[in-house]
Amino acid sequence: MGNLAYRLIAVVTAVIGLAVAVFALMAAYRTEDDWARLLFTLGLPASLLLPAVGALLAVIGVAMFVHALRGMERGD
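Residues numbered from 1 in each chain as written. Predicted model: local features only at pLDDT ≥ 70, side-chain atom pairs only at ≥ 80, totals over all residues. Heavy atoms only, no water.

So, the overall build of the protein chain
Here's step 1: If you tally the helices and strands in the protein chain, you get 3 helices and 0 strands.
Here's step 2: Counting every position in the protein chain, which comprises 76 residues, the buried fraction comes to 21%.
Here's step 3: Pairs at least 24 apart in sequence give 75% of the contacts found in the protein chain among residues at least 6 apart.
Here's step 4: For the protein chain, the exposed surface amounts to about 5400 Å²; the carbon and sulfur share of it is 73%. (Helix = DSSP H or I, 4+ residues; strand = E, 2+ residues; numbered from the N terminus. Buried < 20%, exposed > 50% of the residue type's maximum accessible area, 1.4 Å probe, protein only. Contact = heavy atoms within 4.5 Å. Areas by Shrake-Rupley, 256 points an atom, 1.4 Å probe, with all protein chains shown as cover.)

Observations regarding the side chain of Thr13
Here's step 1: Tracing the sequence through the fold places Thr13 in helix H1 (residues 2-29).
Here's step 2: For Thr13, the residues in contact, after removing those within four places along its chain, are Leu57, Ala58 and Gly61.

Considerations on the confidence of the model for the protein chain
Here's step 1: In this model, the protein chain carries an average pLDDT of 76, and 82% of its residues clear a pLDDT of 70 or more.
Here's step 2: Looking over the protein chain, one finds the lowest element-wise mean pLDDT in helix H2 (residues 33-42), namely 71, and the highest in helix H3 (residues 49-74), namely 81. (pLDDT = per-residue confidence, 0-100.)

Here we look at H3
Here's step 1: Taking 1.5 Å as the rise per residue, H3 with 26 residues should run 38 Å; its terminal C-alpha atoms sit 38 Å apart, in good agreement.
Here's step 2: Here H3 has its buried residues at Pro51, Gly54, Ala58, Gly61, Met64, Ala68 and Gly71. (Expected span 1.5 Å × (residues − 1).)

Quick look at a nonpolar patch on the surface
Here's step 1: A surface patch of nonpolar side chains, amounting to about 520 Å² of accessible area, comprises Leu8, Val12, Ile16, Leu49, Val53 and Leu57.
Here's step 2: With respect to the secondary-structure elements, Val53 resides in helix H3.
Here's step 3: When its relative accessible area of 39% is taken as the criterion, Val53 is described as partly exposed. (Patch = residues over 30% accessible without salt bridge, like charges linked within 9 Å, V, L, I, M, F, W, Y side chains within 5 Å. Salt bridge = Lys/Arg side-chain N within 4 Å of Asp/Glu carboxyl O.)

This is the structure we're talking about:
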């Protein structure tokens, strides 16, 4: 049961990281007024730091998921 929870947390982490990265990249490269208002409303900086954090979360989530699958193969 612990491995299932670990895999679930890994998938959620990867999805959240991917969503943050995509949103931040869209916000950084789209210049319409609606996106500018949305950024100021949410308080997110339009920099490359946020996509990097999102990408890091996605990589961590994928690594956790692969680690959990390898644990299943070993029978841990």
